[in-house]
Amino acid sequence: MLKICTTHRTIMKPDINGVVIEEIANGRPYKLWLADVWTCGRGCRVALTAYAPAAEHYQEDYAKFKANAIENGTFLFPTGN
Ligand SMILES: [Zn+2]
């Protein structure tokens, strides 16, 4: 599957693999996603998640998983609508 930047009409390439993104819902931490960041090479970047979240807010290891990601530098950012 090709990932294509529709703004620049270029084929996107992998930029950073294995980052963690936190999904925020209703102002609270909701899910942690493992993602790969792709770039079009002209300034656009997109984070593509795995099929299932790495951790959900109700799971015991949620905070530990997030803390580990922050500690090892793979935590990218929180996001929400
Ligand atoms: Zn682009």
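Below or above, wherever it landed, is the structure these notes cover. (Residues numbered from 1 in each chain as written. Predicted model: local features only at pLDDT ≥ 70, side-chain atom pairs only at ≥ 80, totals over all residues.)

## Remarks on the overall build of the protein
The secondary structure content of the protein amounts to one helix and seven strands. Helices (α) and strands (β) of the protein occur, in sequence order from the N terminus, as β-β-β-β-β-β-α-β. Taking the principal axes of its C-alpha atoms as reference, the protein extends roughly 45 × 25 × 20 Å. Looking at the 81 residues of the protein, the share that counts as buried comes to 14%. A separation threshold of at least 6 residues defines the contact pool for the protein, and within that pool the share at least 24 residues apart is 49%. (Helix = DSSP H or I, 4+ residues; strand = E, 2+ residues; numbered from the N terminus. Buried ≥ 20, exposed ≤ 12 C-beta atoms within 10 Å, placed from the backbone. Contact = placed C-beta atoms within 7 Å.)

## Topic: the pairing of strand β4 (residues 28-39)
By the bridge criterion, ten bridges tie strand β3 (residues 13-25) to β4 in an arrangement that is antiparallel. Residue pairing across strands places K13 opposite T39, the latter belonging to β4. Connecting β3 to the next strand, β4, in antiparallel fashion are two residues, including N26 with a positive phi near 55°. In this structure, β4 lies alongside strand β6 (residues 55-56), joined through two bridges in antiparallel fashion. Residue pairing across strands places K31 opposite E56, the latter belonging to β6. The pairing of β4 with strand β5 (residues 45-49) spans five bridges and is classified as antiparallel. If you follow W38 over to β5, its bridge partner there is V46. Linking β4 back to β5 in an antiparallel pair, the connection comprises five residues, with G41 at a positive phi of about 90°. (Pairing = 2+ DSSP bridges.)

## Digging into the pairing of β3
Note: β3 against strand β7 (residues 75-79), four bridges, orientation parallel. By the bridge assignment, I21 is partnered in β7 with F77.

## Points about the environment of T6
For T6, the position within the fold is in the loop between β1 (4-5) and β2 (10-11). Put simply, T6 and T39 are 33 residues apart on the chain and 12 Å apart in space, counted from C-alpha to C-alpha.

## Considerations on the nonpolar core
Within soluble globular proteins, side chains that are nonpolar tend to cluster in buried spots. Core analysis: the largest hydrophobic core is formed by eight residues, namely V20, I21, L32, W33, L34, A35, A55 and A69. A per-element tally of this core places β4 first, with four residues. (Core = buried A, V, L, I, M, F, W, Y, C linked by C-beta atoms within 7 Å.)

## Some thoughts on unusual backbone geometry
Look at R9: it is not a glycine, yet its phi comes out positive at around 55°. Within the fold, R9 resides in the loop between β1 and β2. In this structure, N26 is a non-glycine residue whose phi angle is positive, near 55°. Along the chain, N26 turns up in the loop between β3 and β4.

These figures capture arrangement, not role.
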